[in-house]
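Residues per chain, in single letters:
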Amino acid sequence: MHVRRLARGEHLEIGQKILNKIGQAKLEVLDSSNAANTPLPQNRRPSAYPDAPFSITPPRGTRIDAAGIPIGIRQSIVLGYRDDCDARVDHATVSGVHCRITRLETDCLVADLNSTNGTFLNGQRISRARLGAEDLLVLGGDHRVILPPHFFNGERSASRVHFFVGRDAGNEVVVDIDGVRPYHAKVVIDDDLVWVEPLTKTGVLSRIRAGLARPVKNRTYIRRHDILEIGKAHIKVGNLIDRLRNELLHRVSRA
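Residues numbered from 1 in each chain as written. Predicted model: local features only at pLDDT ≥ 70, side-chain atom pairs only at ≥ 80, totals over all residues. Heavy atoms only, no water.

## Points about the confidence of the model for the chain
Then step 1. When pLDDT is averaged along the chain, the result is 82, and 75% of the positions lie at 70 or above.
Then step 2. Below a pLDDT of 50 lies the segment residues 1–8, which in the model reaches three contacts outside its immediate sequence neighbourhood of four places, other chains included.
Then step 3. Predicted confidence for residues 26–36 stays below pLDDT 50, and this span has three contacts to residues more than four positions away or in other chains. (pLDDT = per-residue confidence, 0-100. Contact = heavy atoms within 4.5 Å.)

If you want it as structure tokens, here you go:
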């Protein structure tokens, strides 16, 4: 093998190339860090966003009959469309024997039983996972299952409310606009605290505050004057909270 000594000019040329690459890498880092804090154009400030139309209705899906299924701690029920299941779920995407739910001390354990279209917990397909009172359980990718409150014995604040936002009628808040996923996000209101959590890795979910759009990747606290960007929909948080509280009061008055 022959080793050739580099001439002085070649050293300078290589050194300049290395410096150029370092400078380019620094620019890319700065661009990525500033992307989340880039002000919106003046004609797209939060005040200019029209509130997207959304409806608040009782979610469609299968509600497990609490009276018909007396289940104790460490006992299980099987869900599916077959008549011999403990809880029958009559939907085209649900398998004959779809999943098993075991009641634990404070929450539940859900296990998929080799279903064709899968069991989903908070937007993620699972084979076995813990299921809490504020989790979203969907069978076959689009059919929501709602368990009775007594399946979960953990302490819950009376002022705490959770709901789901998406395009499917299985959500409490339905937003039928392009870019909105069937089950897009979870929102929790606990007294004066409000937070949002995405249920999809591919759909757009951003919090717009003071003219800055910040992508929401995990649980994020939001305020009344924020705007949620869900797909191509923009919803003012204050309007959403007020309408939800009015709807809850209306339901209580009718009960």
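## Some points on the pattern of salt bridges
Working definition: two side chains of opposite charge can pair if their charged atoms are close together.
Then step 1. Enumeration over the complete set of coordinates arrives at eleven salt bridges.
Then step 2. Aspartate 226 serves as the salt-bridge partner of arginine 209, at 2.8 Å between the closest nitrogen and oxygen. Separated by 17 residues along the polypeptide, arginine 209 in strand β16 (residues 205–209) and aspartate 226 in the loop between β18 (220–222) and β19 (227–230) bring together distant segments of the chain. Neither residue differs from the other here; arginine 209 and aspartate 226 are each classed as buried.
Then step 3. One network of salt bridges, with partners in common, ties together Asp83, Arg88 and Asp90. (Salt bridge = Lys/Arg side-chain N within 4 Å of Asp/Glu carboxyl O. Helix = DSSP H or I, 4+ residues; strand = E, 2+ residues; numbered from the N terminus. Buried < 20%, exposed > 50% of the residue type's maximum accessible area, 1.4 Å probe, protein only.)

## Looking at the sheet that holds strand β8 (residues 124–126)
Two strands in a sheet stick together by hydrogen bonds in their backbones, pointing the same way (parallel) or opposite ways (antiparallel).
Then step 1. Here five strands make up an open sheet; going across it, the order is β2-β11-β10-β7-β8 and the pairing mixed. Every interior strand has two partners, whereas the edge strands, β2 (62–63) and β8, have only one. (Pairing = 2+ DSSP bridges.)

## Some points on the side chain of arginine 144
Then step 1. In this structure, arginine 144 sits in strand β11 (residues 143–146).
Then step 2. In this structure arginine 144 comes out as buried when scored by relative accessible area, which is 7%.
Then step 3. In terms of polar contacts, arginine 144 uses its side chain to reach the side chain of glutamate 172, at 3.1 Å.
Then step 4. In this structure arginine 144 touches Pro59, Arg60, Gly61, Thr62, Leu136, Leu137, Val138, Phe164, Gly170, Asn171, Glu172 and Tyr183, once residues within four positions along its chain are discounted. (Polar contact = N/O pair within 3.5 Å; in protein donor to acceptor, adjacent residues only side chain to side chain.)

## Some details on the sheet that holds strand β20 (residues 233–236)
Then step 1. Taken in spatial order, the four strands make up an open sheet running β17-β16-β19-β20, and their pairing is antiparallel. With one partner strand each, in any of the chains shown, β17 (212–215) and β20 form the two edges of the open sheet. Averaged over all adjacent pairs, the angle separating strand axes in this sheet is 25°, with direction ignored.
Then step 2. Pairing of β16 with β19 involves four bridges; the strand directions are antiparallel. Within the sheet, the bridge partner assigned to serine 206 lies in β19 and is glutamate 229. (Axes fitted to C-alpha atoms, helices over the stretch in contact; angles between N-to-C directions.)

## Brief notes about the environment of leucine 136
Then step 1. Position of leucine 136 among the secondary structure elements: in the loop between β9 (128–131) and β10 (137–139).
Then step 2. Measuring from C-alpha to C-alpha, the distance between leucine 136 and lysine 186 comes to 8.6 Å, with 50 residues separating the pair along the chain.
Then step 3. Those residues in contact with leucine 136 that lie beyond four places of it in its chain are Phe120, Leu121, Asn122, Arg144, Phe164, Tyr183 and Leu199.

## Examining the packing of aromatic side chains
Then step 1. If you walk through the whole model with that rule in mind, you get zero aromatic pairs.
Then step 2. Above the ring of tryptophan 195, the side-chain terminus of arginine 219 is found at 3.9 Å from the ring centroid.
Then step 3. Above the plane of the ring of phenylalanine 54 lies arginine 243, whose end atom (NZ or CZ) is 4.2 Å from the centre. (Phe/Tyr/Trp six-rings, centres within 6.5 Å; stacked < 30°, edge-to-face > 60°. Lys NZ or Arg CZ within 6 Å of the ring centre and 35° of its normal.)

## A look at the pairing of β20
Then step 1. Pairing of β19 with β20, which is carried by four bridges, proceeds in the antiparallel orientation. Following the sheet pairing, leucine 228 is matched in β20 by isoleucine 235.
Then step 2. Taken together, β19 and the strand that follows it, β20, pair antiparallel across an intervening segment of two residues, in which glycine 231 is found at a positive phi of about 65°.

## Notes on the nonpolar core
Then step 1. If you look at the biggest cluster of nonpolar residues, it comprises 24 residues, and the most contacted ones within it are Phe163, Val173, Val175 and Val196.
Then step 2. Where this core is concerned, the elements lending two or more residues are β12 (160–166), β14 (185–190), β15 (193–198), β19, β20 and α2 (237–254).
Then step 3. Setting aside residues no more than four positions away along its own chain, phenylalanine 163 makes contact with Glu172, Val173, Ala185, Lys186, Val187, Ile189, Leu240 and Leu244. (Core = buried A, V, L, I, M, F, W, Y, C linked by side-chain atoms within 4.5 Å.)

## Concerning unusual backbone geometry
Then step 1. Positioned with a positive phi, arginine 74 is a non-glycine residue whose angle comes to about 70°.
Then step 2. Positive phi values are uncommon outside glycine, yet aspartate 191 reaches one of about 60°.

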